[in-house]
Amino acid sequence: MTSPLITWDPQGVAAWAETAPKEGAVLLHSLRGFIDAGKAGLLVAQQILESSEPQRVATFDIDQLLDYRSRRPEMTFSVNQWTDYDEPHLALDLVRDTEETPFLLLHGFEPDIRWEGYIHTVKEIVTRTGVGLTLGTYGIPMAAPHTRPLTTTVHGTPQDLLPDSASFFGTVNVPASAQNLMEYRFAQWDLPAINIAVHVPHYLSQSSYPQAAERAIQSIEDISGLLIDTTGLDEDAERAEEEIARQTAESDEVQALVAGLERQYDAYMEQREEGLDISGPLPSAEELGAEFEKFLQQQRGDTPPGA
């Protein structure tokens, strides 16, 4: 007999019942998985946990959801003993924004297996806690320079909650994720679910890029009305910007890459704003899909970074 995927914490459940908004409660999910260029989603979750006082509401049985053979957690060996273990987890916490508005944060490792069971369990969470909006964020690699404002693709249902702006994509086939499949299933169940994909410069997608987390938080605030504390994250972004500038100045190859992307990006945005045909300057949907698959291969270790 299969064990339940989730264990509820009575104190956390009671705390949520006492403080939850009567309308418009938000569940924000930000998981560690293949699809998170620049570690945008991971940094958002870390920022919220560090700037709040999280209270555990529920815990998933991660052993039922993780494929340890394909995604091995790291351990630290020091001299003659194991001293640390990046223990996999998937948990639901009660957190608060800067105005003490409570919301739920689902964070940890994205499930490798039992996706449908996981998604039905999240549906149970949403129903039991009275959540009105399920909101997720992650980063995707994009052929764009770091010297231009970060853009996003916001997708989901209902459509009236999405920004009124033209999409960067037409139709493209990419590998599935538990996060995006959950959005798809929620739409079938008429449950509001939105995801924010931050467009991370593809040459920075393997690195931690705090700017992407800042952009994600901005979109989270615009959609949900929450106000997230970014103390510390802003400083990290400044340091990252300085390091990128230093490395760029030291490499003619990187300077040429960035200059080419700037010309491409500016031409694309100019045509986009003027409502002209924009099929030319930026890569096609097929090329973006290929870049996306290359990114996933790098995450799996099949292809060396920069190949």
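Presented here is a report on the structure given in the accompanying data block. (Residues numbered from 1 in each chain as written. Predicted model: local features only at pLDDT ≥ 70, side-chain atom pairs only at ≥ 80, totals over all residues. Heavy atoms only, no water.)

It is worth spelling out the sheet that holds strand β10 (residues 193-201) at this point. Taken in spatial order, the eight strands of this open sheet run β1-β3-β6-β7-β2-β8-β10-β9, and their pairing is mixed. With partners counted over all chains shown, the strands left at the sheet margins are β1 (6-8) and β9 (152-157), one partner each. The sheet shows a mean angle of 25 degrees between the axes of neighbouring strands, direction not considered. Inspection of the sheet shows strand β6 (residues 90-96) paired to strand β7 (residues 102-109) by seven bridges, in the antiparallel sense. The residue bridging L90 from the neighbouring strand is G108, located in β7. Against the sheet, helix α1 (residues 10-19) touches β1, β2 (25-32), β3 (55-60), β6 and β7, its axis set at about 125 degrees to β3. Together, β2, β8 (131-142), β9 and β10 form the strand contacts of helix α5 (residues 210-224), whose direction differs from that of β10 by roughly 155 degrees. (Pairing = 2+ DSSP bridges. Helix = DSSP H or I, 4+ residues; strand = E, 2+ residues; numbered from the N terminus. Axes fitted to C-alpha atoms, helices over the stretch in contact; angles between N-to-C directions. Contact = heavy atoms within 4.5 Å.)

Turning our attention to the pattern of salt bridges. Throughout the structure, instances matching the rule amount to 11 salt bridges. Close ionic contact of R148 with D266 constitutes a salt bridge, the shortest N to O distance being 2.9 Å. On the criterion of sequence distance, the pair formed by R148 in the loop between β8 and β9 and D266 in helix α7 (residues 252-274) is long-range, its members being 118 residues apart. Exposure remark for R148: the relative accessible area of 24% places this residue in the partly exposed category. With a relative accessible area of 33%, D266 lands in the partly exposed category. In this structure, R239 engages D236 in a salt bridge whose closest nitrogen and oxygen atoms are separated by 2.3 Å. Within this pair, R239 and its partner D236 are both found in helix α6 (residues 233-249), separated by three residues, close to a single helical turn. Since its relative accessible area comes to 49%, R239 is described here as partly exposed. Classification of D236 by relative accessible area gives partly exposed; the value is 32%. Among the ionic contacts, a cluster of salt bridges with common partners joins R148, E262 and D266. (Salt bridge = Lys/Arg side-chain N within 4 Å of Asp/Glu carboxyl O. Buried < 20%, exposed > 50% of the residue type's maximum accessible area, 1.4 Å probe, protein only.)

Nonpolar side chains collect at one region of the surface, where M75, F77, W82 and Y85 lie side by side and expose about 460 Å² of accessible area between them. Listed by contribution, the elements that provide at least two residues to the nonpolar patch are β4 (75-78) and β5 (81-85). Among the secondary structure elements, Y85 is positioned in strand β5. (Patch = residues over 30% accessible without salt bridge, like charges linked within 9 Å, V, L, I, M, F, W, Y side chains within 5 Å. Areas by Shrake-Rupley, 256 points an atom, 1.4 Å probe, with all protein chains shown as cover.)

Attention now goes to α1. Among the residues of α1, G12, A15 and W16 are the ones counted as buried. Axial view of α1: buried residues confined to an arc of 100 degrees, hence all on one face. In α1, the exposed residues that point more than 90 degrees away from the buried face are P10, Q11, A17 and E18. Contacts made by the buried residues of α1 are with β2, β3, β6, β7 and α3 (115-129). Capping the start of α1, D9 holds a side-chain oxygen 3.0 Å from the backbone nitrogen of Q11, two or three residues further along. (Arc of directions from axis to C-beta. Polar contact = N/O pair within 3.5 Å; in protein donor to acceptor, adjacent residues only side chain to side chain.)

With an omega of 0 degrees, the peptide bond running from T157 to P158 counts as cis. Positive phi values are uncommon outside glycine, yet E100 reaches one of about 65 degrees. Considering the arrangement of structural elements, one finds E100 in the loop between β6 and β7. Even without being a glycine, R114 presents a positive backbone phi close to 55 degrees. Examined against the element boundaries, R114 turns out to sit in the loop between β7 and α3.

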